[in-house]
Amino acid sequence: MNIFLDKMKALLGDEFDDFLKFYNSSGEHYRGLRVNTLKCSVEKLEKLLDFDLKSAPFCSESFYIPNEITSLGNNPLHHAGAFYIQEPSASSAVTMLDVQEGDYVLDLCAAPGGKSTQIAAKLNSKGFLWSNEIVKNS
């Protein structure tokens, strides 16, 4: 077994076998996007896209997308910043943080920018966001 799986077994205990079953499966994996409400409303984006969005439980702006949708990063709405391609559960961190307009937020793990753009939308230009990512050159 490799180091990663050894660590997961130690962390998950009795649930490790279920994890391993999913980890090794070639089944369907979740893909998603999060609407950037500074640029576009959820309702407007749903009308503009040519596929259906399925709500994710982690954030009201986060959605699952069908697996057959490809090249979403080339979509003009993505280039315009209307949505951010993000695995839906990744939006849960900002949801749990409960950012409010007027807050001061320091994001020290800001790359590639999903959390920071979600925080900025929650602040709605009323507050302060400092985003930083330490990248050490080898």
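To be clear, the structure that these remarks concern was listed above.
Residues numbered from 1 in each chain as written. Predicted model: local features only at pLDDT ≥ 70, side-chain atom pairs only at ≥ 80, totals over all residues. Heavy atoms only, no water.

Comments concerning the side chain of Ser-91
Within the secondary structure layout, Ser-91 lies in the loop between β4 (83-85) and α5 (92-97). Overall, the relative accessible area of 0% leaves Ser-91 in the buried class. When near neighbours in sequence (up to four residues on either side) are disregarded, Ser-91 contacts Arg-34, Phe-58, Cys-59, Ser-62, Gln-86 and Gln-118. (Helix = DSSP H or I, 4+ residues; strand = E, 2+ residues; numbered from the N terminus. Buried < 20%, exposed > 50% of the residue type's maximum accessible area, 1.4 Å probe, protein only. Contact = heavy atoms within 4.5 Å.)

Structural notes on the pairing of strand β5 (residues 104-107)
Alternating residues of β5 divide into Val-105 and Asp-107, all buried, and Tyr-104 and Leu-106, none buried. Of the strand pairs in this sheet, β5 and strand β6 (residues 128-131) are connected by 4 bridges, and their pairing is parallel. When the bridges of β6 are listed, Asp-107 appears paired with Ser-131. On the question of chirality, the crossover connecting β5 to the parallel β6 by way of helix α6 (residues 114-123) is right-handed. (Pairing = 2+ DSSP bridges. Right-handed = clockwise from strand over helix to strand, strands pointing away.)

Digging into the packing of aromatic side chains
Considering all chains together, one arrives at 7 aromatic pairs under this definition. Taking 6.3 Å as the distance between ring centres and 45° as the angle between the ring planes, the aromatic pair formed by Phe-128 and Trp-130 counts as tilted. (Phe/Tyr/Trp six-rings, centres within 6.5 Å; stacked < 30°, edge-to-face > 60°.)

Brief notes about unusual backbone geometry
In this model, Ala-111 is joined to Pro-112 through a cis peptide bond whose omega is 10°. Structurally, Pro-112 is set in the loop between β5 and α6. Phi at Asn-124 takes a positive value of approximately 55°, unusual for a residue other than glycine. Inspection of the secondary structure assignment puts Asn-124 in the loop between α6 and β6. Phi at Ser-125 is positive, roughly 65°, even though this residue is not glycine. Locating Ser-125 in the fold gives a position in the loop between α6 and β6. A relative accessible area of 73% places Ser-125 in the exposed class.

Looking at the nonpolar core
In a soluble, globular protein the nonpolar side chains are often hidden away together inside. Counting residues in each nonpolar core, the largest one holds 14 residues, and the members touching the most others are Leu-33, Leu-45, Leu-49, Phe-51, Leu-53 and Leu-72. Counting residues per element, the ones that place at least two in this core are β1 (32-35) and α3 (42-48). Apart from the residues within four sequence positions on either side, Phe-51 is in contact with Ile-65, Pro-66, Ile-69 and Leu-72. Membership of the second largest hydrophobic core comes to 5 residues, among which are Val-94, Val-99, Val-105 and Leu-123. (Core = buried A, V, L, I, M, F, W, Y, C linked by side-chain atoms within 4.5 Å.)

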